[in-house]
Amino acid sequence: MALKQAAQSECRFRVGAVLAKGSRVLGQAPNRRRNAPWVDFRHATFHAEEALMRRFPARPGAVLYVARLDRRNCPALARPCDRCQHVLSTHGISLVHYTTADGAGTLCLSQPAVDARKLG
Ligand SMILES: [Zn+2]
């Protein structure tokens, strides 16, 4: 499902994210272009994880799946960046599965000391 989201992305790096809890899919999103002339290249897109988290309050216990497609439509490394990892951990998400060029990886995020549910 995350790969399907990535296929819908219009960005140069096509990334998709799916948030699930148990067997329920809570939401999904590709990364998006940020149409503001003053943003630099590094911040020119909303990462898929960010785009998804912006739509949700904290979801402790939810699992995130992130996928990236390269130009040949093959899965590529989609490990969440530091900025997204921070956003995810403040949303109570501690487990991320992501694609790599040769399979999949798993990332365990430590939770912040504050109660994530209050940050919503
Ligand atoms: Zn990111």
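In what follows, the structure referred to is the one given above.
A brief look at the structure comes next. (Residues numbered from 1 in each chain as written. Predicted model: local features only at pLDDT ≥ 70, side-chain atom pairs only at ≥ 80, totals over all residues. Heavy atoms only, no water.)

## Quick word on the overall build of the protein
Within the protein, the regular secondary structure consists of four helices and eight strands. Sequence-ordered secondary structure for the protein, helices as α and strands as β, is α-β-β-β-β-α-β-β-α-β-β-α. When burial is assessed residue by residue, the protein has 45% of its 120 residues classed as buried. For the protein, the share of sequence-separated contacts (at least 6 apart) that also reach a separation of at least 24 residues comes to 53%. (Helix = DSSP H or I, 4+ residues; strand = E, 2+ residues; numbered from the N terminus. Buried < 20%, exposed > 50% of the residue type's maximum accessible area, 1.4 Å probe, protein only. Contact = heavy atoms within 4.5 Å.)

## Regarding the pattern of salt bridges
One pass over the structure, following the stated rule, counts two salt bridges. The residue Glu50 makes a salt bridge to Arg83 at a minimum N-O spacing of 3.5 Å. Taken together, the positions of Glu50 in helix 2 (residues 48-53) and Arg83 in helix 3 (residues 82-90) put the pair 33 residues apart, joining distant regions of the chain. Taking the relative accessible area as the measure of exposure, Glu50 reaches 12% and is therefore buried. The salt bridge involving Asp70 is made with Arg72; its shortest N-O contact spans 3.0 Å. (Salt bridge = Lys/Arg side-chain N within 4 Å of Asp/Glu carboxyl O.)

## Describing the coordination of the zinc ion
Those protein atoms acting as donors to the zinc ion are His47 (ND1), Cys81 (SG) and Cys84 (SG), and they sit at 1.9 to 2.3 Å. Relative accessible area serves as the criterion here: at 22%, His47 is assigned to the partly exposed category. (Donors = N, O, S within 2.8 Å, 3.2 Å for Na, K, Ca; no water.)

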